[in-house]
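# Structure at a glance
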Amino acid sequence: MTSTIEYLALGAVAVVLVVSIVQAVQLSGLNEKVGQQNTLMASFVSGASTAGITSQAGAPAQNSVPRQATQAPGQQMVGGC
């Protein structure tokens, strides 16, 4: 005969499994969006650099995309992690 504790344990395992599946679905959707944005940005950067080269006929090509001097606080490494 199964006890209440065993039912609670099975319930907890089921909840963890459902949460894991939901997170996996969200992560794959996010990964797809990031891939699309990377493709878009790559085409934008290559288009901008190509436009910069053709518009400056004899001048040396310069990168027309400004570089970010510092990273956003959420992107910085803290404590070596």
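Before reading on, note that the structure itself is shown above.
Residues numbered from 1 in each chain as written. Predicted model: local features only at pLDDT ≥ 70, side-chain atom pairs only at ≥ 80, totals over all residues. Heavy atoms only, no water.

### What about the overall build of the chain?
Summing up its helical and strand segments, the chain has 1 helix and 0 strands in all. Going through the 81 residues of the chain one by one, you find that 2% of them count as buried. Carbon and sulfur atoms provide 66% of the accessible area of the chain, an area that totals close to 7300 Å². (Helix = DSSP H or I, 4+ residues; strand = E, 2+ residues; numbered from the N terminus. Buried < 20%, exposed > 50% of the residue type's maximum accessible area, 1.4 Å probe, protein only. Areas by Shrake-Rupley, 256 points an atom, 1.4 Å probe, with all protein chains shown as cover.)

### Points about a nonpolar patch on the surface
Among the surface-exposed residues, Leu 17, Ile 21 and Val 25 lie close enough to one another that they form a single nonpolar patch of about 300 Å² accessible area. In this fold, Ile 21 is placed in helix 1 (residues 4-55). (Patch = residues over 30% accessible without salt bridge, like charges linked within 9 Å, V, L, I, M, F, W, Y side chains within 5 Å. Salt bridge = Lys/Arg side-chain N within 4 Å of Asp/Glu carboxyl O.)

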